[in-house]
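# Remarks on the overall topology
This is what each chain is made of:
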Amino acid sequence: MKHLILAAATALAIATAPANISAAQPDHAAIAAQAKTSSYTDLLKKFKDGKQLTEAEATTLYYGSALQPGFTPDKDYTPVIAAYNSGDMKRAYNLANEALASDPTNLALLFKAYAAASASADPNIKAQAPAFQTRLLAICDAIMNSGSGVADASPYQVIRRSDINEFLVKYMQPKNVVGQSQIGQLTAIKASFDGIPDDVILYFGIFK
């Protein structure tokens, strides 16, 4: 997916500039209010249909999903991973797609569904790949816009810990992850990127 994240790499370079360290964080109160309305249901349908979302819609959709009844941030999807790793793309796709019905913003599931659909020999499944691509990019863009990421006062916000690795490795695609540590409530990850001379420390917080 490297061609899909060139803009993300550029955004990262811009984010390292001091002027952007105060990037606004998601408005919890506003998102909580919108997440309880019928408009959120409509927004979720639009997202599941693979339609483009505005920046504001993507932010509301992603962070609002963490405020829905029954949200489970650490749910295990071992069968999806096992099917994908075995090379059974049809089974991996079906399992991921089934899981996304109740966990629609899970980045690990979205990436697996996209990859499985793209690699599928079934033309009907392969045809679904663009919609999954649109969905996962909307989530990643929402995370990218949630903070500068390079200051502990303005971390990237995710709704589940597994989204940190998915966002960093598959969307940002660093050359190397140097190390990781926990600083209070934040996860700090040092990584190197093409086009950026020095290692970058990225901060991630959990929105809840």
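Predicted, not measured: the structure shown is a model, and the values here were computed from it.

## Thoughts on the overall build of the protein chain
If you tally the helices and strands in the protein chain, you get 10 helices and 4 strands. Tracing the protein chain from N to C terminus, the helices and strands come up as α-α-α-α-α-α-α-α-α-β-α-β-β-β. Each of the 208 residues in the protein chain was classed as buried or not, and the buried ones make up 46%.

## Concerning the pattern of salt bridges
One pass over the structure, following the stated rule, counts 5 salt bridges. In this structure, aspartate 163 and arginine 160 form a salt bridge, with 2.8 Å as the shortest nitrogen-oxygen distance. Judged by its relative accessible area of 1%, arginine 160 is buried. Linking lysine 170 and glutamate 166 is a salt bridge whose minimum nitrogen-to-oxygen distance equals 2.8 Å. Of this pair, lysine 170 and glutamate 166 both sit in helix H10 (residues 162-172), 4 residues apart, which is roughly one turn of the helix. Note on glutamate 166: relative accessible area 9%, which makes it buried.

## Things to note about the sheet that holds strand S2 (residues 176-183)
One open sheet holds the 4 strands; their spatial order is S1-S4-S3-S2, and the pairing between them is mixed. At either margin of the open sheet sits one strand with a lone partner, and together these are strand S1 (156-158) and S2. Strand-to-strand twist of the sheet, defined as the mean angle between neighbouring strand axes without regard to direction, takes the value 30°. Inspection of the sheet shows S2 paired to strand S3 (residues 186-192) by 7 bridges, in the antiparallel sense. Residue pairing in the sheet places asparagine 176 in a bridge with serine 192 of S3.

## Here we look at the packing of aromatic side chains
On inspection of all chains with the given rule, the structure shows 7 aromatic pairs. Ring centres 5.4 Å apart and planes at 70° place the aromatic pair tyrosine 156 and phenylalanine 167 in the edge-to-face group. Of this pair, tyrosine 156 sits in strand S1 while phenylalanine 167 sits in helix H10, and the two are 11 residues apart along the sequence. For the pair formed by tyrosine 156 and phenylalanine 167, the shared burial category is buried. Judged by centre distance (5.3 Å) and plane angle (25°), the ring pair of phenylalanine 167 and tyrosine 171 falls under stacked. A residue pair is termed a helical-turn pair when its members lie 3 or 4 positions apart in one helix, as phenylalanine 167 and tyrosine 171 do in helix H10 at 4 residues. Summarising the burial analysis for this pair, phenylalanine 167 and tyrosine 171 share the class buried. Ring pairs connect the aromatic residues Tyr156, Phe167, Tyr171 and Phe204, which therefore count as one cluster. Geometry around tyrosine 84 places lysine 112 over its ring, the cationic atom sitting 5.0 Å from the centre.

## Describing the nonpolar core
Nonpolar side chains in soluble globular proteins tend to end up buried together. In terms of nonpolar packing, the biggest core is built from 58 residues, with Ile143, Phe167, Met172 and Leu202 touching the most fellow members. With 10 residues, the top contributor of residues to this core is helix H9 (residues 129-144).

## Describing H9
Here H9 spans 22 Å end to end across 16 residues, near enough to the 22 Å set by a 1.5 Å rise per residue. For H9, the buried fraction is high: 12 of the 16 residues fall into the buried class. Every buried residue belonging to H9 is among Ala129, Phe132, Thr134, Arg135, Leu136, Leu137, Ala138, Ile139, Cys140, Ala142, Ile143 and Met144, and all of these are buried.

## Considerations on the side chain of serine 146
With respect to the helices and strands, the residue serine 146 is situated in the loop between H9 and S1. Classification of serine 146 by relative accessible area gives buried; the value is 2%. Each residue touching serine 146, except ones within four places of it in the same chain, is listed here: Ala24, Gln25, Pro26, Tyr63, Pro155, Tyr156 and Gln157.

## Brief notes about the side chain of threonine 60
Along the chain, threonine 60 falls in helix H4 (residues 55-65). Judged by its relative accessible area of 9%, threonine 60 is buried. Apart from the residues within four sequence positions on either side, threonine 60 is in contact with Ile31, Gln34, Tyr40, Leu43 and Ser65.

Cut-offs used in this document
- Residues numbered from 1 in each chain as written.
- Predicted model: local features only at pLDDT ≥ 70, side-chain atom pairs only at ≥ 80, totals over all residues.
- Heavy atoms only, no water.
- Helix = DSSP H or I, 4+ residues; strand = E, 2+ residues; numbered from the N terminus.
- Buried < 20%, exposed > 50% of the residue type's maximum accessible area, 1.4 Å probe, protein only.
- Salt bridge = Lys/Arg side-chain N within 4 Å of Asp/Glu carboxyl O.
- Pairing = 2+ DSSP bridges.
- Axes fitted to C-alpha atoms, helices over the stretch in contact; angles between N-to-C directions.
- Phe/Tyr/Trp six-rings, centres within 6.5 Å; stacked < 30°, edge-to-face > 60°.
- Lys NZ or Arg CZ within 6 Å of the ring centre and 35° of its normal.
- Core = buried A, V, L, I, M, F, W, Y, C linked by side-chain atoms within 4.5 Å.
- Expected span 1.5 Å × (residues − 1).
- Contact = heavy atoms within 4.5 Å.

By themselves, these are just geometric observations and shouldn't be taken as functional.
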